[in-house]
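Here is what each chain is made of, one letter per residue.
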Amino acid sequence: MAEAEIAFIGGSGLYDIDGLTDARQVSLDTPFGQPSDALTIGTFQGRRVAFLARHGKGHRHLPSEIPFRANIYALKLLGVERIISISAVGSLQENVAPLDIVVPDQIIDRTRGRVRTFFGDGVAAHVGFADPFCPELKRDLVGTVRNMPVTVHDGGTYVVMEGPQFSTRAESMLYRSWGASIIGMTALPEAKLAREAEICYATLALVTDYDVWHQTEAEVSVDLVVANLLKNVETTQALLPNISARIPESRTCNCQSALERAIITSRELIPDEAKLRLSAIIGRYL
């Protein structure tokens, strides 16, 4: 039996969740190292959930330092089927204001040097990623937020930059010209790894600022971001119980079978070491 069915990955400012009962801390080792921090497992609105602070409690990991593979693999080991990612982002469009929430449906990868896959070293696999966020989970998130006193944007493109510095004005204007809605630093490779692990993934993107393109609003700064982060954390804590209650128990999306035809390597040629390393992900296909 799974120890948790739903996972919340907390971004900047969100290092735990309120209201968990029979909560306990779990430290896991994975073939890809240790996760960002110990995971908290408990019962939340009648559902078994896990919580992981993406940057570690106390915010110890830069975006480029986050052990994304260990994080997703650890959640897979726990039996998690759905991940709700909470991320702080900047707005690239006038109609997406600070303190709004965006539930994106597309993503653009502008990161550099991050390992984006569990595969390699004897196993080749190519999962579909045309729609990077689970449509069913995205629908549940939008439906939940619409019942709250906050503005929600259904869909939008999330640009993931490397960081840790914020954008230049030229970069910000470029991303706006592409029609992107928001910009952040952590949704990738997290979303790609979740798809490879056949875990549904969707993001609650909490807007803190207008990045640096806006001519009349204050420039993005740590002080501005932190001030709005604190407000967004309050909103998130109020949202999470409703999200848990809304998510159905069974899945009908294609996320749960993303690897069914994705593993290209002949099974007899997959090294035993690779089978062991990826057992939680590919075991049922061997």
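Relevant structure appears above.
Residues numbered from 1 in each chain as written. Predicted model: local features only at pLDDT ≥ 70, side-chain atom pairs only at ≥ 80, totals over all residues. Heavy atoms only, no water.

**Describing the nonpolar core**
The condition that has to hold: In these notes, a set of buried Ala, Val, Leu, Ile, Met, Phe, Trp, Tyr and Cys residues joined through side-chain atoms within 4.5 Å is what counts as a nonpolar core. The classification of residues rests on relative accessible area computed with a 1.4 Å probe and restricted to protein chains. Under 20% of the type maximum is buried, over 50% is exposed, and intermediate values are partly exposed. Numbering of helices and strands runs from the N terminus, with a helix taken as a DSSP run of H or I at least four residues long and a strand as a DSSP run of E at least two residues long. Contacts between residues were defined by any pair of non-hydrogen atoms, one from each residue, lying within 4.5 Å.
In this structure, Leu75, Ile83, Phe118, Phe119 and Leu259 are the most contacted members of the largest nonpolar core, which totals 51 residues. Top element by residues in this core is helix 1 (residues 68-77). It accounts for 6 residues. Once you skip the residues sitting within four places of it in the chain, Leu259 turns out to touch Phe119, Ala125, Val127, Glu196, Glu198, Ile281, Ile282 and Tyr285. With 31 residues, the next largest nonpolar core counts Leu137, Leu141, Val233 and Ile247 among its residues.

**Some points on the side chain of Glu196**
Position of Glu196 relative to the elements: it lies in helix 4 (residues 190-196). Setting aside its immediate chain neighbours within four residues, Glu196 contacts Arg116, Thr117, Phe118, Phe119, Val127, Leu259 and Ile281.

**Overview of the environment of Ala258**
Along the polypeptide, Ala258 turns up in the loop between helix 5 (222-246) and helix 6 (272-277). Judged by relative accessible area, Ala258 falls into the buried class, the value being 17%. Considered as a pair, Ala258 and Asp223 are 35 residues apart in the sequence and their alpha carbons are 41 Å apart. Residues within four places of Ala258 in sequence aside, it is in contact with Val127, Arg195 and Glu198.

**Points about the packing of aromatic side chains**
Two aromatic rings are characterised by how far apart their centres lie and by the angle between their planes. Rules: Stacked, edge-to-face and tilted labels apply to pairs of Phe, Tyr and Trp rings (six-membered ring for Trp) whose centres lie within 6.5 Å, assigned for plane angles under 30 degrees, over 60, and everything in between, in that order. Over a ring means this: the NZ of a Lys or the CZ of an Arg is within 6 Å of the ring centre and within 35 degrees of the ring normal.
Counting across every chain of the model gives 7 aromatic pairs. Pairing Tyr175 with Trp178 gives two aromatic rings, centres 5.3 Å apart and planes at 55°, and the pair type is tilted. Their ring planes at 85° and their centres at 5.6 Å tell us that Tyr210 and Trp213 sit as a pair that is edge-to-face. The exposure classification of Tyr210 matches that of Trp213, with both residues buried. Clustering of aromatic rings is evident, with ring pairs tying together Phe32, Tyr73 and Phe118. In this structure, Arg176 is placed above the aromatic ring of Trp213, and the distance from its NZ or CZ to the ring centre is 3.7 Å.

Worth remembering: the numbers are spatial, not functional.
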